[in-house]
Structure formats: structure tokens, C-alpha cells
Amino acid sequence: MKEKVLNFIKLYFSIYFILFIFPFPLFGFPIIVDNFFIWFGQNILGLDFVKQVSTGSGDTVFDFVKLAFVLILTAIITIAFLFIKPSFREKVTSISIIYGRFFLSCMLLSYGFAKFADGQFGLPSLFRLEQSVGEMSPMGILWTFMGSSPAYSAFAGVCQVTAGVLLLFRRTYVFGALVAFGVMTNIVVLNFCYDVPVKIFSTNLTLISLFIIHNNWSQILMFLIGKPSKINFVGFRFNKKWLQITSKVLIVLYILVITVGMSMSRIINTEENTNEKFFAVYKNEKQSTDSLALTKMIIDDGYAQIFYKNDTVVSWDFKFDEKENTIFFKAADSTKTDIKLHFKPIENNKIEFLDSGKSLGKFSITKKEDFELLKRGFNWTSEYPYNR
């Protein structure tokens, strides 16, 4: 009885991971499939608010509906497969392990390489640096923590890339899955503890890493206690030498495509910004009782924010003209009037802004490198803990 239960569980997860990963390596389902999931959520599960919207979250109601459907479909297929020959069920498990290997490898490589190019975290923005810790979301805290140390982000990337590469090869995939399990367990804990909305996806990647090595647990245990053991490899091995070489070349090309693809996407998305030297937090030193007085400006890559005395905050697109010493603010909100300010650099790292010749005040300038989080570097010796 125990063996039948274990076989059922193994078959269930074999089918589940195939369905969860599909249609990899293609990108997503056609719209008709997404519409079916919406119908399933509304008519079967009774959820009226199911919709497919790209928000960057992987834990939307739509994602949970899709997960529920996959779990139910997996149970139906598993029960049907119980009446098929055991040899066929073993093939399904082998296919699932191989499919899971390459999917997990692709995800680890892509996320790993992204960490080298600031693609996932990047240094905290000026908007984030000006925000108080108490106002940050848990996810904001995590992103600031990771982004403030490029070296640590790169270390995390190395761990993911190492696991991803090891998973590609038949003789190393078991070790790769062990490394992947350690890496993904840490990521899952962070996602749950800091409310990062990729809990479904990261949890499944962790489970896939365990599933890949499920038939080698006893061998791994024997190895850890110092006894000889033989790993049960699952994979295709070509008999002809040229096919073996071709497969290895294709794997190397696969890694290069991901590497170059991530690097190129970073280069394309990182256009040279001629306004970069003006990126800073500008704080008005002039005290005013006017509720519409400008108290602070934050200008960073992408957009600017202007803070007023009455606690109003308005976001703007901006453009500097160094020849004319002007900055033009174009309102993102069509109800706001565009602003054109003149500026005049003065001594002691300050600047004066003028609107139609009228001085708005002298502003102190704080650049990104002036913040303690980014200014404080590595120190071999510390007489006291620098915990501010």
C-alpha cells in the first residue's frame, strides 16, 4: 500500500511539473487559453474578479486560478495514467525530470546573469533613498538591501548561474539540483517574508529542484556519510560521438544566447542620459508660509518629483538645457501646467532656482553618492559597530 501511494505521488508531480512548465520554451499561452482560465475562475470557482493583467506580479488571482486548474487537471490525468503500463509511467517521470532540468536551468541562468547587469535590482533610486524606512514596503526594503550592494547581488548571481550551468549536463545535474535547492530555498524564504509577489513561481522552482533528485536521496545520504554510492542518471545519451559533441555545442550556444541576450537587453534599456549630472535631491533652504511654495525636488533617471508646502507631490518629465541654464518640467498629469525654471549654480554645493526671474530659494544638493548607505564602503577595521 505504501509503495502504491508513493508511486501515485511521484506520478502526480511528474505530470504536474510538465503542465506547470508548459509551453516552455515558447513564451506564454495564446489569448484563447488565458480566456479559458478566466472562464474557469468565474464559472467554476465562482470568482467574479478574475482578469489577466500584466502588473509584474506572479501571485494575482488569475495566477492562483491557473494553479488551481493545473492541480485539478493533474489529478485527473494521474488517475487515468494509473491504468497504463508502469514502464510508460516511468518514461513520464524521466521526461518530467529532463524537462524540469532545462526549465530550471534557464530560469536560474536568466535571473543570475540579470544580477550582474543591474537588471533585477540596481542601485536604489533617489526617490527610494529619500524615503523613510517606515514608509517602505517589505519588498521595497528587500530591493534596497540587495541593490545597495552590487557585490552581494553579483554573488547571488554567481550561485544561480553555477546551479544553472551544472543542471545542463547529465553528469553534473544532480549536484546542480542540490545547489539550486539551496539557492531557491533562500529566495522562497525571502519572497514569503518580504511579501514579494512571485511566491507561486519561486516555490515551484524549489520543488522542481527537489523532484529532479528525488530518485537519488539514498545515494546522496550515503555520499554525505562517506560511503560509496552510484548516482542514478536520467537523460538521453547518444551512441555516436558526433551527436554527443553536437549536443554539448548546442548547450554552450544556449548559455551564450542567454548571456548575450541579457547583456544586450541591458545595453538597449540603458541609454546614455545627458541629464545624469543633474540627478539629485534639491531641498529649499528658504522658509515660506505660502502653501504652494516649492520645498523639494527629486530629479532622477526617468522622471522628477516636486514637493510643495501643502504636502502635494507632482511627478514630471524633465529636460535640462545647459546653454540656457533652464530646466523644463512637463506634467505627466494633463491638468497641470508645464513649468520652466532657470537655475544658477552657487558656491557650497548649492543652486538657486528662478521662475520668471523670481527666486524660489537656494537649494542644497544631495547626490546619490552623498547618501550614507552608498557612501560607506567596505572597512577591514571598525573600532565600533557602524549601525546607524
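Residues numbered from 1 in each chain as written. Predicted model: local features only at pLDDT ≥ 70, side-chain atom pairs only at ≥ 80, totals over all residues. Heavy atoms only, no water.

Q: Explain the overall build of the protein chain to me, please; I cannot follow it from the model alone.
A: Counting its secondary structure elements, the protein chain contains twelve helices and eight strands. Over its C-alpha atoms the protein chain spans a radius of gyration of 27 Å, topping by over 25% the 21 Å that the globule rule assigns to 388 residues. Projected onto its principal axes, the C-alpha coordinates of the protein chain cover approximately 85 × 60 × 45 Å. Burial status across the protein chain gives 35% buried among its 388 residues. The contacts in the protein chain between residues at least 6 apart in sequence include a share of 55% that link residues at least 24 apart. (Helix = DSSP H or I, 4+ residues; strand = E, 2+ residues; numbered from the N terminus. Rg over C-alpha atoms; globule rule 2.2 N^0.38 Å. Buried < 20%, exposed > 50% of the residue type's maximum accessible area, 1.4 Å probe, protein only. Contact = heavy atoms within 4.5 Å.)

Q: Would you explain the layout of surface pockets in this entry?
A: Regions of empty space are outlined by a rolling probe, equal in size to a water molecule, passed over the atoms. What the largest pocket holds in volume is close to 1400 Å³. Looking at the lining of the largest pocket, the elements with two or more residues in it are helix H1 (2-21), helix H2 (31-44), helix H3 (61-81), helix H4 (86-116), helix H9 (199-212) and helix H11 (241-269). Top contributing element to the lining of the largest pocket by residue count: H3, with seven residues. For the lining of the largest pocket, the per-class residue count stands at 30 nonpolar, nine polar and three charged. (1 Å grid on protein atoms, 1.4 Å probe; cavity = no way out; pocket = protein on both sides within 12 Å on 5 of 7 lines; lining within 4 Å. Points joined across faces, edges and corners; volume = space filled by probe spheres on them. Nonpolar A, V, L, I, M, F, W, Y, C, P; charged D, E, K, R; others polar.)

Q: Please clarify how the pattern of salt bridges should be interpreted in this entry.
A: Pairing of side chains with opposite charge becomes possible as their charged atoms draw close. All chains considered together, the criterion is met by ten salt bridges. One salt bridge connects Lys350 with Glu285, and the closest N-O pair in it is separated by 3.2 Å. Taken as a pair, Lys350 in strand E7 (residues 350-355) and Glu285 in the loop between strand E1 (280-284) and strand E2 (294-299) lie far apart in primary sequence, 65 residues in all. With its nearest N and O atoms 3.5 Å apart, the salt bridge here joins Lys344 to Glu352. Classification of Lys344 as partly exposed rests on a relative accessible area of 43%. We classify Glu352 as buried; its relative accessible area is 12%. Each of the salt bridges in this network shares a partner with another, and the network as a whole consists of Asp59, Asp195 and Lys199. (Salt bridge = Lys/Arg side-chain N within 4 Å of Asp/Glu carboxyl O.)

Q: Would you mind showing me how to read the packing of helix H7 (residues 150-168) against helix H8 (residues 173-193) here?
A: Packed helices, taken two at a time, are described by the angle between their axes plus the distance between the axes. For the pair H7 and H8, the least separation of the axes is 7 Å and the interaxial angle reads 150°. Of the possible angle classes, the one that applies to H7 and H8 is roughly antiparallel. Classified by chirality, the crossing of H8 by H7 is left-handed. In this structure, H7 contributes Cys159, Gln160, Ala163, Leu166 and Leu167 to the contact, and H8 contributes Tyr173, Phe175, Gly176, Ala177, Val179, Ala180, Val183 and Ile187. When grouped by side-chain class, the residues that make up the contact of H7 with H8 number eleven nonpolar, two polar and no charged. (Axes fitted to C-alpha atoms, helices over the stretch in contact; angles between N-to-C directions. Parallel < 35°, antiparallel > 145°, perpendicular 65-115°, else oblique. Left-handed = near helix turned anticlockwise from the far one by under 90°.)

Q: What is the right way to read the packing of aromatic side chains from this model?
A: Here the distance between the centres and the angle between the planes together describe a pair of aromatic rings. What the rule picks out here adds up to 31 aromatic pairs. Each ring, one from Phe36 and one from Phe69, has its centre 5.1 Å from the other, and the planes form 75°; the classification is edge-to-face. Residue Phe36 is located in helix H2, and its partner Phe69 is located in helix H3; the two are separated by 33 residues in the primary sequence. Given the relative accessible area of 18%, Phe69 is considered buried. One aromatic cluster is present, built from ring pairs that chain together Phe8, Tyr12, Phe13, Tyr16, Phe17, Phe20 and Phe211. Positioned over the ring face of Tyr386 is Arg376, at 4.1 Å from the centre of the ring. (Phe/Tyr/Trp six-rings, centres within 6.5 Å; stacked < 30°, edge-to-face > 60°. Lys NZ or Arg CZ within 6 Å of the ring centre and 35° of its normal.)

Q: Can you help me understand the sheet that holds E2 in this one?
A: Sheet strands pair by backbone hydrogen bonding; their relative direction is either parallel or antiparallel. Pairing is antiparallel around the closed barrel formed by eight strands, whose spatial order is E1-E2-E3-E4-E5-E6-E7-E8. Averaged over all pairs of adjacent strands, the angle between strand axes in this sheet comes to 30°, irrespective of strand direction. Alignment of strand E4 (residues 313-321) against strand E5 (residues 326-331), held across six bridges, turns out to be antiparallel. Residue pairing across strands places Phe318 opposite Phe329, the latter belonging to E5. (Pairing = 2+ DSSP bridges.)

Q: Before we go on, may I ask you to explain the nonpolar core in this structure?
A: The nonpolar side chains of a soluble globular protein tend to be buried, and buried together. By size, the foremost hydrophobic cluster in this structure holds 31 residues, and its most contacted members are Tyr282, Ile299, Phe329 and Phe353. In contact with Phe353, not counting residues within four places along its chain, are Tyr282, Met297, Ile327, Leu341, His342, Phe343, Lys358, Ser359, Leu360, Gly361 and Phe363. Judged by nonpolar contacts, the second largest core, of 30 residues, contains Phe24, Val70, Leu167 and Phe211. (Core = buried A, V, L, I, M, F, W, Y, C linked by side-chain atoms within 4.5 Å.)

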